[in-house]
Amino acid sequence: MKNIYMIILSLVLLIILLLLKSTVEVNIKNNYLQLVNKDNPISSNYEPSNLVLVNIPTIIDKTIYICDPVLQAYEELYLNALEKNIKFFVFSGFRSFSYQEEIFINEYITARPGYSKHQIGLALDIYTPDVGLTEALGELPEGIWLEHHAHEYGFIIRYPKGKEDITKYVYEPWHIRYVGKHHARKIYEGNLTLEEYLE
Ligand SMILES: [Zn+2]
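Here's a quick rundown of the structure. (Residues numbered from 1 in each chain as written. Predicted model: local features only at pLDDT ≥ 70, side-chain atom pairs only at ≥ 80, totals over all residues.)

Here's the deal with the environment of Leu140
Residue position: Leu140 is located in the loop between strand E4 (123-127) and helix H4 (141-149). Judged by the 16 C-beta atoms lying within 10 Å of it, Leu140 is partly exposed. Taking the C-alpha atoms as reference, Leu140 lies 9.1 Å from Asp130; in sequence the two are 10 residues apart. When near neighbours in sequence (up to four residues on either side) are disregarded, Leu140 contacts Thr128, Asp130 and Val131. (Helix = DSSP H or I, 4+ residues; strand = E, 2+ residues; numbered from the N terminus. Buried ≥ 20, exposed ≤ 12 C-beta atoms within 10 Å, placed from the backbone. Contact = placed C-beta atoms within 7 Å.)

Quick notes on the sheet that holds strand E3 (residues 89-92)
If you trace the 4 strands from one edge of the open sheet to the other, you get E3-E4-E6-E5, paired in antiparallel fashion. The sheet is open, and its two borders are formed by E3 and strand E5 (155-159), each paired with just one other strand. Each neighbouring strand pair of the sheet contributes to a mean axis angle of 45 degrees, computed without reference to strand direction. Bridge count between E4 and strand E6 (residues 172-178): 3 bridges; the pairing is antiparallel. The partner of Ala123 across the bridge, within E6, is Arg177. This element, H4, spans E4, E5 and E6 of the sheet and lies at about 30 degrees to E6. (Pairing = 2+ DSSP bridges. Axes fitted to C-alpha atoms, helices over the stretch in contact; angles between N-to-C directions.)

What is shown is where atoms sit, not what they do.
Shown next, in the form of structure tokens:
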């Protein structure tokens, strides 16, 4: 009798282990459409495997990491913007869970630790010297260019104006999220948020 209990207990443990493993695998899968928001947090120990150092101008020579394909896409965006006399600086890229804990001030301004779209390494904050990371960017040639051209490089404005009730974030014309060219174009043309696109 005791043996049967031991077998059942082992089976239950095995099932739990298998379930945990599949959850971790889903988290690790590099999915450019991965939705991270206040309803869809990311596990605190998640860190993308393909982070690279951003070697394109950053603000005050900050050391910033981002996923490799995102850097390649951003490099193309940066160089084409430069041809139009628009100069962007990377303000932030990947943020680890522990760093998020440090900077967390207000839920409506920065994400709560574990809820940050910066933790998946697919988001960049783009700085322009005149206005920095403020709503005013949306009115400047830099912000207007970014809004209408980011999708050509696979990026979307993740928190657009007028969609605050859907994204649960204020308008952030500086925050771009990589989703790949195909999806970015559809999201841009449909005037959608990632939430609406994934519905
Ligand atoms: Zn951001």
